[in-house]
Amino acid sequence: NLSSTVAEVNFASYILNASGPRCTTEAELHNLGQSESAAIMTKSCTLLAREGNPEPRYKALPQGSIQSMGLPNLGYKAYLDMLPRLTQYNKPLIVSISGLSINDNVEMVSAFQKSAADLLEVNFSCPNVPGKPQLGYDFEQTDKALAAITKFGDKPLGIKLPAYFDFNHFETVANILKKYPVKFISSINSIGNTLVIDPETESPVIKPKAGFGGLCGSYIKPIGLANVNAFRQLLPKEISIFGVGGIYSGSDAFEYLLAGADAVQVATCYQEQGTECFSRISNELSQILSRKNYQDINDAKGALKLL
Ligand code: DHB
């Protein structure tokens, strides 16, 4: 039994899709509804529809992927309109919001207050819009943005964070989050502005931003585990944590569970394998838990054994 609770919302399992791959169109979201993903998470939306960056903008790599999609999406009103048609699957609906300014985020967070969304995940870490920095790396702006978007109603709100690499940064961010009614964090986003070069062609493997893009998949799992575990130690237990980054197997999910994640989100593996990955990873995690005699998934949560 992998049922989990995140931000006081019940999830039938521990594994759901991450915002990003295969969650932009209504057909893709219905596919997630019919799958064993524990929730339906949408692609990050902006005020207006976007085509995104020029192709090639996604490249599968031996142990992950690099992408610079540039927020292709239908515009938030399209998601507002389709949410009622996605309630039939009786699983949590999570809307990812990625405004290009604080005002955009305010408009969208306020618009989704009266929607069927169960959770709002506001993206503070998109690395791929040329000229736009990752909000989560600017602590003053992060504080300002949180103050602005937490003023409305009571739709549970969380933040998708970039990866941090320093204990001072973990502490600073945790202290900012504690000032606001943030119900969850999702950690981590792709590692921004990495460069993969093909020595044969002597070119980057993607076109936008001179080849600089977000690194995803197995390459970033140790970074995701560190971020989840650091924030689990620094944040009060009332703030839930989605673990994201390099989850392909039940063992990967189990490692995030030990680090303290309340549920995990899958991106590159879902992009590469399709909806079948949710049932496979869930079954693998169940087998690990029973082999290790964990009666309850909560007994392993955050139970990392230090040497
Ligand atoms: C995109 C990439 C991200 O990592 C993200 O958080 C949001 C958007 C993108 O390029 O579409």
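Coordinates for the structure precede this section.
Given the structure is predicted, the values throughout are model-derived calculations rather than measurements. (Residues numbered from 1 in each chain as written. Predicted model: local features only at pLDDT ≥ 70, side-chain atom pairs only at ≥ 80, totals over all residues. Heavy atoms only, no water.)

Student: Tell me about the sheet that holds strand β8 (residues 119-123), and please be specific about residues and values.
Tutor: Pairing is parallel across the open sheet formed by eight strands, whose spatial order is β3-β16-β15-β10-β9-β8-β7-β4. Either end of the sheet is taken by a strand with one partner, and the two such strands are β3 (15-17) and β4 (40-41). In this structure, strand β9 (residues 157-161) lies alongside strand β10 (residues 184-187), joined through four bridges in parallel fashion. Following the sheet pairing, Gly 158 is matched in β10 by Phe 184. (Pairing = 2+ DSSP bridges. Helix = DSSP H or I, 4+ residues; strand = E, 2+ residues; numbered from the N terminus.)

Student: Got a sec to walk through unusual backbone geometry? Specific residues and values, please.
Tutor: Residues Glu 55 and Pro 56 are joined by a peptide bond in cis, for which omega reads 0°. Within the secondary structure, Pro 56 is located in the loop between β4 and β5 (58-61). Ile 188 follows Ser 187 through a cis peptide bond whose omega is 15°. Structurally, Ile 188 can be placed in the loop between β10 and β11 (191-195). Backbone geometry at Glu 202 places phi at a positive 65°, although glycine is not the residue there. Even without glycine at this site, Asn 293 takes up a positive phi of about 60°. As for its placement among the helices and strands, Asn 293 is situated in the loop between α9 (276-291) and α10 (297-300).

Student: Kindly report on helix α6 (residues 221-234), identifying the contributing residues and their values.
Tutor: Each turn of an α-helix holds 3.6 residues, which means side chains three or four residues apart point in the same direction. Between its first and last C-alpha atoms α6 spans 20 Å; for 14 residues at 1.5 Å apiece the expected length is 20 Å, and the two agree. The complete set of buried residues in α6 reads Lys 221, Gly 224, Leu 225, Asn 227, Val 228, Ala 230, Phe 231 and Arg 232. On the buried face of α6, the contacting elements are β9, α5 (167-177), β10, β14 (212-217), β15 (240-244) and α7 (250-259). (Expected span 1.5 Å × (residues − 1). Buried < 20%, exposed > 50% of the residue type's maximum accessible area, 1.4 Å probe, protein only. Contact = heavy atoms within 4.5 Å.)

Student: Residue-level account of helix α1 (residues 26-34), with values.
Tutor: Among the residues of α1, Leu 29, His 30, Leu 32 and Gly 33 are the ones counted as buried. For α1, the buried positions fall inside an angular range of 155° around the axis, keeping them on one side. For α1, exposure combined with an orientation more than 90 degrees from the buried face picks out Ala 27 and Gln 34. Here the buried face of α1 lies against β3, β4, α2 (76-86), α8 (268-273) and α9. (Arc of directions from axis to C-beta.)

Student: Now, about the site of the ligand: what can you tell me, with residues and values included?
Tutor: If you check the shell around the ligand, you find 13 residues, and the closest are Lys 43, Gly 70, Leu 71, Asn 123 and Asn 189. Within the side chain of Lys 43, a nitrogen or oxygen atom sits 2.8 Å from an oxygen atom of the ligand. Coverage of the ligand by the protein chains reaches 94% of its 290 Å² of free accessible surface. For the shell around the ligand, the class distribution of residues is five nonpolar, seven polar and one charged. (Near = heavy atom within 4 Å. Polar contact = N/O pair within 3.5 Å; in protein donor to acceptor, adjacent residues only side chain to side chain. Areas by Shrake-Rupley, 256 points an atom, 1.4 Å probe, with all protein chains shown as cover. Nonpolar A, V, L, I, M, F, W, Y, C, P; charged D, E, K, R; others polar.)

Student: Outline the nonpolar core, supporting the account with residue identities and numerical values.
Tutor: If you look at the biggest cluster of nonpolar residues, it comprises 80 residues, and the most contacted ones within it are Phe 11, Tyr 14, Ile 159 and Phe 231. When near neighbours in sequence (up to four residues on either side) are disregarded, Phe 231 contacts Leu 161, Tyr 164, Phe 170, Val 173, Ala 174, Ile 185, Ser 187 and Ile 241. Among the nonpolar cores identified, the runner-up in size contains nine residues, and Ile 66, Ile 188, Ile 191 and Ile 206 belong to it. (Core = buried A, V, L, I, M, F, W, Y, C linked by side-chain atoms within 4.5 Å.)

Student: Account for the packing of aromatic side chains, with residues named and values stated.
Tutor: Scanning the entire structure with this criterion turns up 10 aromatic pairs. Taken together, a centroid distance of 6.2 Å and an interplanar angle of 65° make the contact between Tyr 76 and Phe 112 edge-to-face. Of this pair, Tyr 76 sits in helix α2 while Phe 112 sits in the loop between α3 (102-111) and β8, and the two are 36 residues apart along the sequence. Given the relative accessible area of 0%, Phe 112 is considered buried. Centre to centre, the rings of Phe 139 and Tyr 164 are 6.2 Å apart; their planes meet at 40°, and the pair counts as tilted. You can see Phe 139 sitting in helix α4 (residues 139-149) and its partner Tyr 164 sitting in the loop between β9 and α5, a full 25 residues away along the chain. Taken together, the ring pairs connect Tyr 137, Phe 139, Tyr 164, Phe 167, Phe 170 and Phe 231 into an aromatic cluster. (Phe/Tyr/Trp six-rings, centres within 6.5 Å; stacked < 30°, edge-to-face > 60°.)

Student: How would you summarise the pairing of β5 if you had to cite specific residues and measurements?
Tutor: In this sheet, strand β6 (residues 64-67) lies alongside β5 in antiparallel orientation, the contact comprising four bridges. Residue pairing for β6: Ala 60 is matched across the bridge by Ser 65.

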